[in-house]
Amino acid sequence: MKRAHLRQFLAVVDTGNFTRAAERVGVAQPSLSAGIAELERLVGAKLFLRDRRRIRLTDAGNRLLAHARAIEREFREAEASLAASAPVASPLVVGVLPSLATDMLSRCMSAWSGERALVLTEGTDAELRKRLSDGQLDAAVTLLRLEDGERPSLDLFEEAYVLMLPQSHPLAGSEIVDAAQVAGETMIARRSCEILADTSRWFTQRGVRPPFFMRSANDDRCMEMVRIGMGVTTAPASLARAGINAVPLAGYDFRRRIGLLLPRGHAGEAGDHPLALAFQQGRT
């Protein structure tokens, strides 16, 4: 049984005439007659008694009438309720680098005051840029390149890559550490590192080929293993946490710029974007 069946049935009841009922529901009279006949087949009983002067409901028709009115009333109330509801804005999908510090990211998300809900997704710099270009992302917080000055973008912060040591390590209090001083250290490889290949070459060129305790793309896990003394690693300075000292490596001069990237067709300044304010507040 469909709503159309009940609307046709009610139109016949209210107008008392098949021709006027067909006009009310916007169908041809043969279509309405066929609809009533189908409804009668579905309920297994005649609904109307027809004579030349008038149309009367049968007992089955009278029983159906109360249900049909209630059902139609519920339909109309549901339609009115939905029509009165404000449209729900689509979420703002933001891509972020996995190597962004979790505590910093959480502060930035806590500072979000935009009207749209946020959806975060992770990816490498190349992945985020492709998805932003394909329209799958509304914004990306990723590495900034020189050429990004020609597109809607905002420089958020810059930081150095440093050596991460547990606070109990003999070198943890040093102002700077030479590669030879960590030649015998057990290392932890951060697979999420954007300069992983460059770092490997840097150590190899200096004759440092350390044993590895762990290789992982989970930065929180890597840093926790450093904190408890299972090894040392290199990482952006912002990944340091309680129990870990960040010490510069002599000649290890890698840095990264993190910024907000918006689609090329974005109207307005990147600095006015609600995400820009959230990340600027989260960094302070």
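Above this note sits the structure.
Right, let's walk through the structure included here. None of these values were measured; they are calculated from a predicted model.

Turning next to the pattern of salt bridges. Pairs can form between side chains of opposite charge whenever their charged atoms are close. Counted under the stated rule, the structure contains 21 salt bridges. Close ionic contact of Asp103 with Arg107 constitutes a salt bridge, the shortest N to O distance being 3.8 Å. Here Arg107 and Asp103 lie together in helix 5 (residues 102-110), a separation of 4 residues that amounts to about one turn. Since its relative accessible area comes to 41%, Asp103 is described here as partly exposed. A network of salt bridges, in which partner residues are shared, links Asp125, Arg129, Arg145, Glu147 and Asp148.

What follows deals with the layout of surface pockets. Counted as a void, the largest pocket has a volume near 310 Å³. In terms of lining, the largest pocket is formed by 18 residues, of which the most central are Ala189, Leu196, Thr199, Ser200 and Phe212. With 5 residues, helix 7 (residues 196-205) is the largest single contributor of residues to the lining of the largest pocket. Approximately 260 Å³ is the volume attributed to the second largest pocket. Leu100, Ala101, Thr102, Asp219 and Asp220 are the residues nearest the centre of the second largest pocket, which is lined by 18 residues in total. Counting residues per element, the ones that place at least two in the lining of the second largest pocket are helix 5 and helix 8 (219-227). Of the residues contributing to the lining of the second largest pocket, the split by class is 10 nonpolar, 3 polar and 5 charged.

Turning our attention to the packing of helix 5 against helix 9 (residues 274-283). It is the contact of helix 5 with helix 9, at a shortest axis distance of 7 Å, that shows an interaxial angle of 130°. Considering the angle they form, helix 5 stands oblique to helix 9. The crossing of helix 5 and helix 9 is right-handed. Of the residues in helix 9, those in contact with Met104, Leu105, Arg107, Cys108 and Met109 of helix 5 are Ala278, Phe279, Gly282 and Arg283.

Below, the discussion takes up the pairing of strand 8 (residues 212-216). Judged from the 4 bridges that link them, strand 7 (residues 187-190) and strand 8 form a sheet pairing that is parallel. Across the sheet, the residue bridging to Arg190 is Ser216, located in strand 8. Chirality of the crossover, the property in question, places the unit of strand 7, helix 7 and strand 8 among those that are right-handed.

Quick look at the side chain of Asp148 now. Considering the arrangement of structural elements, one finds Asp148 in the loop between strand 5 (139-143) and strand 6 (153-166). The exposure class of Asp148 is buried, given its relative accessible area of 2%.

Further remarks concern a nonpolar patch on the surface. A cluster of nonpolar side chains, namely Met1, Leu42 and Val43, defines an oily patch on the protein surface of about 280 Å² accessible area. Here Met1 lies in the segment before helix 1 (3-15). We classify Met1 as exposed; its relative accessible area is 58%.

Our focus in this paragraph is the nonpolar core. Across soluble globular proteins, nonpolar side chains show a tendency to be buried alongside one another. Grouped together as the largest cluster of nonpolar side chains are 42 residues, with contacts concentrated most on Val141, Met164, Leu260 and Leu275. Those elements that place two or more of their residues in this core are strand 3 (92-96), helix 5, helix 6 (125-133), strand 5, strand 6, helix 8, strand 11 (255-261) and helix 9. Residue contributions to this core peak at 5 residues, all from strand 6. With residues near it in sequence (within four places) discarded, Met164 still touches Met223, Val226, Val232, Thr233, Ala235, Pro236, Ala237, Leu239, Ala240, Ile244, Asn245 and Ala246.

The rules behind the values
Residues numbered from 1 in each chain as written. Predicted model: local features only at pLDDT ≥ 70, side-chain atom pairs only at ≥ 80, totals over all residues. Heavy atoms only, no water. Salt bridge = Lys/Arg side-chain N within 4 Å of Asp/Glu carboxyl O. Helix = DSSP H or I, 4+ residues; strand = E, 2+ residues; numbered from the N terminus. Buried < 20%, exposed > 50% of the residue type's maximum accessible area, 1.4 Å probe, protein only. 1 Å grid on protein atoms, 1.4 Å probe; cavity = no way out; pocket = protein on both sides within 12 Å on 5 of 7 lines; lining within 4 Å. Points joined across faces, edges and corners; volume = space filled by probe spheres on them. Nonpolar A, V, L, I, M, F, W, Y, C, P; charged D, E, K, R; others polar. Axes fitted to C-alpha atoms, helices over the stretch in contact; angles between N-to-C directions. Parallel < 35°, antiparallel > 145°, perpendicular 65-115°, else oblique. Left-handed = near helix turned anticlockwise from the far one by under 90°. Contact = heavy atoms within 4.5 Å. Pairing = 2+ DSSP bridges. Right-handed = clockwise from strand over helix to strand, strands pointing away. Patch = residues over 30% accessible without salt bridge, like charges linked within 9 Å, V, L, I, M, F, W, Y side chains within 5 Å. Areas by Shrake-Rupley, 256 points an atom, 1.4 Å probe, with all protein chains shown as cover. Core = buried A, V, L, I, M, F, W, Y, C linked by side-chain atoms within 4.5 Å.

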